[in-house]
Amino acid sequence: MEKALVINPDKCTGCLQCELACSYENEGVFNPSKSRIKVFTFHQEGRFVPYTCTQCSDAWCQQACPVDAITLNLLTGAKEVNENTCVGCKVCTISCPFGTINYNQNTGKVIKCDLCGGDPKCVSACPTQAITYIDANQTGMEKMRQWATETDNSPSNSAANV
Amino acid sequence: MSWAGKLLRVNLTNGEITSEMLNEQWKNDYLGARGLASKYLSEEIDPACDPLSPENKMIMATGPLTGTMAATGGRYVVVTKGPLTNCIACSNSGGFIGAEMKNAGWDMVIFEGKSPTPVYLYIENDQVELIAADDIWGTSVWHTDEWLHNKHQDPLLRIAAVGRTAENGCFYAGIVNDLHRAAGRSGVGTVMASKNLKAVAIRGTLGVGNLADPEGFMKAVNEGKAALAENPVTGQGLPAYGTQVLMNVINEIGALPTNNMKDVQFDGAHAISGEAMHEPRKSDGRPNLTTNAACFGCTIACGRISTIDQGHFSVENKSQYWGNSGGLEYEAAWALGADNGVDDLDALTYVNFVCNEEGFDPITFGATVAAAMEMYEDGDLTIEQTGGIAFNFGSAEALTKGAEWVAAGEGFGKDLALGSKRLCEKYGRPELSMTVKGQEFPAYDPRGIQGIGLNYATSNRGACHVRGYTVASEVLGIPEKTDPLTAEGKPGLVKAFQDATGAVDSAGLCLFTTFAWSLDNIAPQIEAACGGGWTAERLAETGERIWNLERDFNLKAGITSADDTLPERLRKEAAKTGPAKGIVSKVEEMMPEYYELRGWDSDGVPTDETRSRLGLKD
Ligand code: SF4
Ligand code: SF4
């Protein structure tokens, strides 16, 4: 079953555990500046919004890459950067509409979320379940459920409403 | 090895910036943050110096776990000699700047001397510069934050700054980081401004790693996170209500100091409680609380993000206060609310915003207003002296105006900026200042919670709850329930809490983890990160060493055992209501046993034996 990351900003507290876990997995150090997932703080609104690659089926980055360094992982559906092939031209960073693929000055290559090979570390690090990794066909389930609880069709209530 | 291993020394007098290796011996003896910075300060300044002179130094320091994935590993401290108390001051803050400092490759920054003109320090990894701050001198923390982000075109820059209160010499100005987190107490911001240092702006991209045992570390971190999630206080109470979960609890047990500590219960407690912050307002149907928020790496997330009712008198035509910002935590809600008899949640939230905006400590400010109110009601202050506003208990107008005056450094605000000790002395009523060593109490009455009174009386930075939070045991039953009304056994309890806290504060962790964690949970995290044999016992001993080091500093600064006491009101005037009715603080009764357990002589001086056991010189 293909799975996808589902992000619910309402649950996020802005703790950056996800960024720490991501950078540790990929860089071996705790370094939010090298995280593939970023949490944005909207101070005035009091909102924290985690954001990362959604692994497009038809991926802009993949199509733009002149050396085919971005390939599909058939098991996870992730678009992965092959470090040995990437020449650091950054064309993918321009073509991605969401900005989720970025250049890494230290290596001269690009970095993006690769779903940690099917065990995303941000998910296990998140203390609030703001990020989950679930059946890619059912990513709307939680929202549907939420709305479902607000749908009130019990006879007694409809009677009270008239 | 989770220390970066390096410190920055910034000489503000001549602008010289140098890098030094961290002292190996000291980091093994004092761990980091509070302990290590206190050691550096003790070695480098004369404890008798004038805190606002160039002779004083100011140290910003992280702990070995700061910047790692350890839950709450984002803390940093500011250590200096404090102007409010003339004692060693160590103020601790969360937010994000501590981790950023570490990520830039620095364990600490030592500021010395005084800059001839206003400057700020800019750190981008090993590129470090002092830059002119004339354009932001005289402006608020919030303005400074925005200006620096714009100037450097870097939204990820982390900033700590002082506001106008610090520049004006308010004795209790703090250093605010990330807009609404603060190293708030004892006037550490006043010291920063006295050096003509407006702000510190940091961007770190090096990564924090270098773990002694990476696998062991992640295991210990995950176990720690699980323990926080399962604990009812850290897993439910704090995320839902923040520290404000305490307002109703403490009121019920009759330990909520009210009207400058005349009373121990407040009728308006519910109106200013954590629960009330969730209730929809009448005006716009929105609750005060928008969401909870975490500091760096924190899986508890006690932070409050709040709004003020736009129709409230305090924010009329002031759009800068209409958005979300850092809301009330318990100590602030108490000091601004119960201690002044004010039950207007919006007024309290507004003053809290102003405290963050202009960088001053809401605890000392609130308690100072309370003292002013009592003097006003007693006729020691006239309405002319209080700026034409009646300073009666319960007046939200007096409270909000007072805050605006302190922020601007004008009128009666100049008096309020003195703190309650100096204010009460000035108007001839020194006994009305609810302070120890010049610093105001937080929100727990020593008549209703006996252990905390002993902790206040002996705290090295003046009255303070986060030096030995015996409330955990005496009220919440963590790790074990003790009777809050008895003095028996409290000296030992206080000492144990004080020592453990010294270790937590020096690790770079938040004290709130200790609702769920003991040193047994913390030691494995430090050991896996640092190596070198960190056990719970060694951590407790490190905490004890730190306590004695701070005590030594204070003795040299002129503190004596006569300063280890509480104001007469708490020792002589019994609580009038609640479970503590008829009871006074038994602090004098507890002190001899406390000194003995500490290994101090009857003058409160560490004995030679204690010194040699802890490896302290002279
Ligand atoms: S770990 Fe979860 S709660 Fe924390 S910042 Fe990331 S998404 Fe938000
Ligand atoms: S418990 Fe609260 S203060 Fe402590 S680190 Fe977490 S959010 Fe910050």
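Up top is the structure.
Bear in mind that the values here come from a model prediction, so they are computed numbers and not experimental data. For every chain, the first residue of the written sequence is number 1, and numbering continues from 1 onward in sequence order. Chains carry letters from A onward and ligands carry numbers from 1 onward, assigned in written order. Under the rules for a predicted model, residues below a pLDDT of 70 receive no local features and side-chain atom pairs below 80 are neither given nor counted, while totals for whole chains, interfaces and linings still include all residues. As a rule here, side-chain values cover all heavy atoms of the structure and leave hydrogens and water aside.

Engineer: Even after reading the chapter, I still don't get the site of ligand 2, so can you show me in this structure?
Structural biologist: For this purpose, a residue is taken to be near a molecule or strand whenever a single non-hydrogen atom of the residue falls within 4 Å of it. By nearness alone, every residue bordering ligand 2 is listed as Thr72(B), Arg75(B), Arg181(B), Ala293(B), Ala294(B), Cys295(B), Cys298(B), Ile300(B), Ala301(B), Cys302(B), Cys510(B) and Phe512(B). By residue class, the composition of the shell around ligand 2 is nine nonpolar, one polar and two charged. In this classification, the charged set is Asp, Glu, Lys and Arg, the nonpolar set is Ala, Val, Leu, Ile, Met, Phe, Trp, Tyr, Cys and Pro, and all remaining amino acids, among them Gly, are polar.

Engineer: When you look at the site of ligand 1 in this model, what are you seeing that I'm missing?
Structural biologist: Residues in close proximity to ligand 1 total 14 residues, the closest being Cys12(A), Cys15(A), Leu16(A), Cys18(A) and Cys126(A). The residue inventory of the shell around ligand 1, partitioned by class, reads ten nonpolar, four polar and no charged.

Engineer: Any chance you could explain the interface of chain B and chain A here in plain terms?
Structural biologist: Quite often, the size of an interface is put as the accessible area lost when its parts meet. Whether two residues are in contact is decided by their heavy atoms, any of which lying within 4.5 Å being enough. Contact residues are listed per partner, giving 37 residues for chain B and 22 residues for chain A. Where chain B abuts chain A, roughly 2,100 Å² becomes buried across the two surfaces, and 59% of that area is made up of carbon and sulfur atoms. When a carboxyl oxygen of Asp or Glu lies within 4 Å of a side-chain nitrogen of Lys or Arg, that pair is called a salt bridge. Between the two partners, chain B and chain A, sit zero salt bridges. Think of a polar contact as two N or O atoms within 3.5 Å of one another; within protein, one of them needs to be a possible hydrogen donor and the other a possible acceptor, and neighboring residues in sequence only count if both atoms come from side chains. Between the two partners, chain B and chain A, sit eleven residue pairs in polar contact (both at pLDDT 80 or more). Those elements that place two or more of their residues in the side of chain B that touches chain A are α7 (214-230) and β13 (289-293) of chain B. Considered class by class, the residues forming the side of chain B that touches chain A number 18 nonpolar, 16 polar and three charged. Throughout, the accessible surface (probe 1.4 Å) given up by two parts as they are put together, summed over both, is called the buried area. The secondary structure listing takes helices from DSSP runs of H or I that are at least 4 residues long and strands from runs of E that are at least 2 residues long, numbered from the N terminus.

Engineer: Help me out: how do you make sense of helix α8 (residues 232-241) of chain B in this one?
Structural biologist: For an α-helix, the turn length of 3.6 residues means that residues three or four places apart are oriented alike. Residues and elements named next belong to chain B. Every buried residue of α8 is listed here: Val233, Thr234, Gly237, Leu238 and Pro239. Residues of α8 that are buried sit in contact with α7, β13 and β14 (303-306). Regarding α8, its N-cap is asparagine 231, as a side-chain oxygen of that residue lies 2.8 Å from the backbone nitrogen of valine 233 further along. Two residues or fewer after α8 comes glycine 242, characterised by a positive phi angle close to 65°. Using a 1.4 Å probe on the protein chains alone, a residue whose accessible area is under 20% of its type maximum counts as buried, one over 50% counts as exposed, and one in between counts as partly exposed.

Engineer: How should the pattern of salt bridges be read in this particular structure?
Structural biologist: Side-chain pairs of opposite charge can arise where the charged atoms are in close proximity. Residue and element names in this part refer to chain B. This model, assessed by the stated rule, comprises 46 salt bridges over all chains. Residue arginine 34 pairs with aspartate 505 through a salt bridge whose shortest N-O separation is 2.9 Å. With arginine 34 in helix α2 (residues 33-44) and aspartate 505 in helix α18 (residues 490-507), the pair connects residues that are 471 residues apart, well separated along the chain. Residue classification places arginine 34 among the buried positions, given a relative accessible area of 0%. Here arginine 158 makes a salt bridge to aspartate 178, at a shortest N to O gap of 3.9 Å. With arginine 158 in strand β9 (residues 158-161) and aspartate 178 in the loop between β10 (175-177) and β11 (181-183), this pair connects stretches of sequence that are 20 residues apart. For arginine 158, a relative accessible area of 21% puts it in the partly exposed group. Each of Arg9, Glu20, Glu44, Lys57 and Glu112 takes part in a single network of salt bridges with overlapping partners.

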